[in-house]
Amino acid sequence: MVRQSFGTRWDLDPARRDAVATLIEAVETADRMIAEIEAVKAGLLAAAQGIAVEVMAELDAPSTYQLPVRAIAADIAAATNVADGTIRARMDDAVRLIEKFPATYAALCEGRLSRAHASVIAAEGARLEDEETRSRYERVVLKQAMETTAGRLRPIAQAVAERLEPTTFAERHATAREARRTWVDDLGDGMSAFHAVVETVVAHAAQDRLTQMAMSVRDSARREGRAVFGAMIDELDPTDPLPTDERTMAQVRADVFADLVLTGHPTVLSANADGDTAAAIRARVQITIPAETLAGLGDEPAFLAGHGPVDPDTARRLAGAAHTWTRLFVDPGTGCLRTVDAYTPTADQKRFLAARDEHCRFPGCRQPVHRCDLDHTIAHSEGGQTAVCNLAALCRTHHVLKHNSPWGVEHGPDGTMTWISPTGRRITDTPAPTVRFVAALEAADLDPPPSDPDDPAPF
């Protein structure tokens, strides 16, 4: 097989290093300015809604249609070339942020976090009706927001809100499940978007299965193309169209979806693959289930890796249908995964890392772990051990970046990874289960017992 070469490892000379560092500082300044402007905009939208509410109060004839709100929102929409429904939603979001999450709004005004971070905090904490509980939630999640991306913040915020929510997840899920539905939005030009509100596990499992089927189509096309194009097929960019199939991965996935819904059979896959491989393809879903929930002795929600809580009944049904289980032991003080109770070293390490990492460990990346490489932090050729304290999940993009650029990384015994950027900045990435565990404890005002920092993970 012909492999693409990335050349020798390179580094920045002092002049370019200083130039890049200056540019990074400028980007950070620009982001702070944008956040401050977003805060001003939120204040203006909230003030507009406040005027509309005053008018409704003066009319003394409240209406579910809220005509003053709709009229003012439509006026703003016409002036800014935005749909009036979008403006109404933004007005509601602005009022919620300012009135219910004042510390978050203050941080946005000061440019200390982005509008996306603020939206996550407000959206996930909106269900907490008690002001004191909401304040405790905000204090914990706001601290986390300063250290991670908005995408990674959401499951943390969900875990904290779940810990503080007076109503059980099972009760809320039963109510929310009643709202499951599908609908179609026409996009124009003969295209439409098909939407489905279904249970979280179902949605992500469906997307994962479609991805696997689409990958099978692409693999089949590569096998067929090799006969015509020879070894050059191995040097194709995986994002490029294939010689025997002009569709992109996203297009193939959409075609497989349409075939399954309309015919019940993946006819796209059957038409392109060598034989019927559909029966061998199954979605992969990683769910952590508390022991008491699994045994039916409790109703603590399970957790779908990288996404959020799963209701207990669904978790138990999935566990009952699973071919294999992996039992995990968690440090009660830190939430760090310590070991699994399987024996074979290689298989154990893979299961352990899948549970610990959940996604690519490069800061901000959320590529699921089953689509990542298990990378030696210290290269095996340089004496690095094949042990969980020297292994981490990296997606192919960040795996290549680590080995072929000035980026560096240090791996702590508890799974924490400290990345060193080409300009010398240090960014810490803590395993997702540990972050959720500590945040939930802080939300509940519980002090975790001390743990031994010198006690490394097993293997």
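Predicted model, so just to flag it, every value in this text is computed and none were measured.

(A) Structural context of the side chain of T416. Position of T416 among the secondary structure elements: in the loop between β10 (408-411) and β11 (417-420). For T416, a relative accessible area of 17% corresponds to the buried category. Every residue in contact with T416, bar those within four places of it in the chain, is listed here: R361, E410, H411, T428, D429, T430 and P431.

(B) Expanded view of a nonpolar patch on the surface. A cluster of nonpolar residues, V184, F194, F257, V261 and L262, forms a patch on the protein surface that exposes about 510 Å² of accessible area. Considering every element that reaches the nonpolar patch, the biggest residue donor is helix α10 (residues 249-263), with three residues. Residue placement: F257 occurs in helix α10. Its relative accessible area of 32% is what places F257 among the partly exposed residues.

(C) Examining the packing of aromatic side chains more closely. For the coordinates displayed, the defined rule picks out five aromatic pairs. For the ring pair F194 and F257, a centre distance of 5.8 Å and an interplane angle of 50° mean the geometry is tilted. Remark: F257 occurs in helix α10 and F194 occurs in strand β2 (residues 191-197); sequence separation between them is 63 residues. The ring of W183 carries the charged tip of R181 above its face, separated from the ring centre by 4.0 Å.

(D) Geometry of the side chain of Q49. Inspection of the secondary structure assignment puts Q49 in helix α1 (residues 14-59). Among the polar contacts listed, one links the side chain of Q49 to the side chain of D92, at a separation of 3.2 Å. Other than its neighbours up to four places away in sequence, Q49 contacts V69, M91, D92 and V95.

(E) Fine view of unusual backbone geometry. One non-glycine residue, N81, adopts positive backbone phi at about 60°. Assignment of secondary structure puts N81 in the loop between α2 (67-80) and α3 (84-100). The phi dihedral of E358 falls on the positive side, at around 65°, and the residue is not glycine. E358 gets classed as buried once you look at its relative accessible area, which sits at 5%.

(F) Inspection of the sheet that holds strand β12 (residues 426-429) at higher detail. Read across the sheet, three strands follow the order β10-β11-β12 without closing on themselves; strand pairing throughout is antiparallel. The open sheet is flanked by β10 and β12, the only strands paired with a single partner. Adjacent strand axes in the sheet meet at a mean angle of 20°, parallel and antiparallel pairs treated alike. Strand direction decides the pairing type here: β11 and β12, joined by four bridges, are antiparallel. Note on β12: the bridge partner recorded for T418 is T428.

(G) Looking closely at the pairing of β10. Going residue by residue along β10, you find V409 and H411 tucked away on one face and G408 and E410 left uncovered on the opposite face. The hairpin formed by β10 and β11 contains five residues between the paired strands, and G415 there has a positive phi angle of roughly 90°.

(H) Representation of the nonpolar core. With 41 residues, the main nonpolar core has M91, L97, L113, I121, Y137, V141 and V160 as its most contacted residues. The set of elements that each furnish at least two residues to this core consists of α1, α2, α3, α4 (102-109), α5 (115-125), α6 (131-145), α7 (150-164) and α16 (432-443). Looking at this core, the element that brings in the most residues is α1, giving eight residues. For L113, the contacting residues outside a window of four places in its chain are A35, T104, A107, L108, A118, I121, L142, A145 and M146. In this structure, V369, A393, C395 and W419 belong to the second largest nonpolar core, which totals 13 residues.

(I) Up close: the environment of A206. Relative to the elements of secondary structure, A206 occurs in helix α9 (residues 200-229). Residue A206 is classed as partly exposed on the basis of its relative accessible area of 37%. Along the sequence, A206 and F257 sit 51 residues apart, while their C-alpha atoms lie 9.0 Å from each other.

Basis of the calculations
Residues numbered from 1 in each chain as written. Predicted model: local features only at pLDDT ≥ 70, side-chain atom pairs only at ≥ 80, totals over all residues. Heavy atoms only, no water. Helix = DSSP H or I, 4+ residues; strand = E, 2+ residues; numbered from the N terminus. Buried < 20%, exposed > 50% of the residue type's maximum accessible area, 1.4 Å probe, protein only. Contact = heavy atoms within 4.5 Å. Patch = residues over 30% accessible without salt bridge, like charges linked within 9 Å, V, L, I, M, F, W, Y side chains within 5 Å. Areas by Shrake-Rupley, 256 points an atom, 1.4 Å probe, with all protein chains shown as cover. Salt bridge = Lys/Arg side-chain N within 4 Å of Asp/Glu carboxyl O. Phe/Tyr/Trp six-rings, centres within 6.5 Å; stacked < 30°, edge-to-face > 60°. Lys NZ or Arg CZ within 6 Å of the ring centre and 35° of its normal. Polar contact = N/O pair within 3.5 Å; in protein donor to acceptor, adjacent residues only side chain to side chain. Pairing = 2+ DSSP bridges. Axes fitted to C-alpha atoms, helices over the stretch in contact; angles between N-to-C directions. Core = buried A, V, L, I, M, F, W, Y, C linked by side-chain atoms within 4.5 Å.

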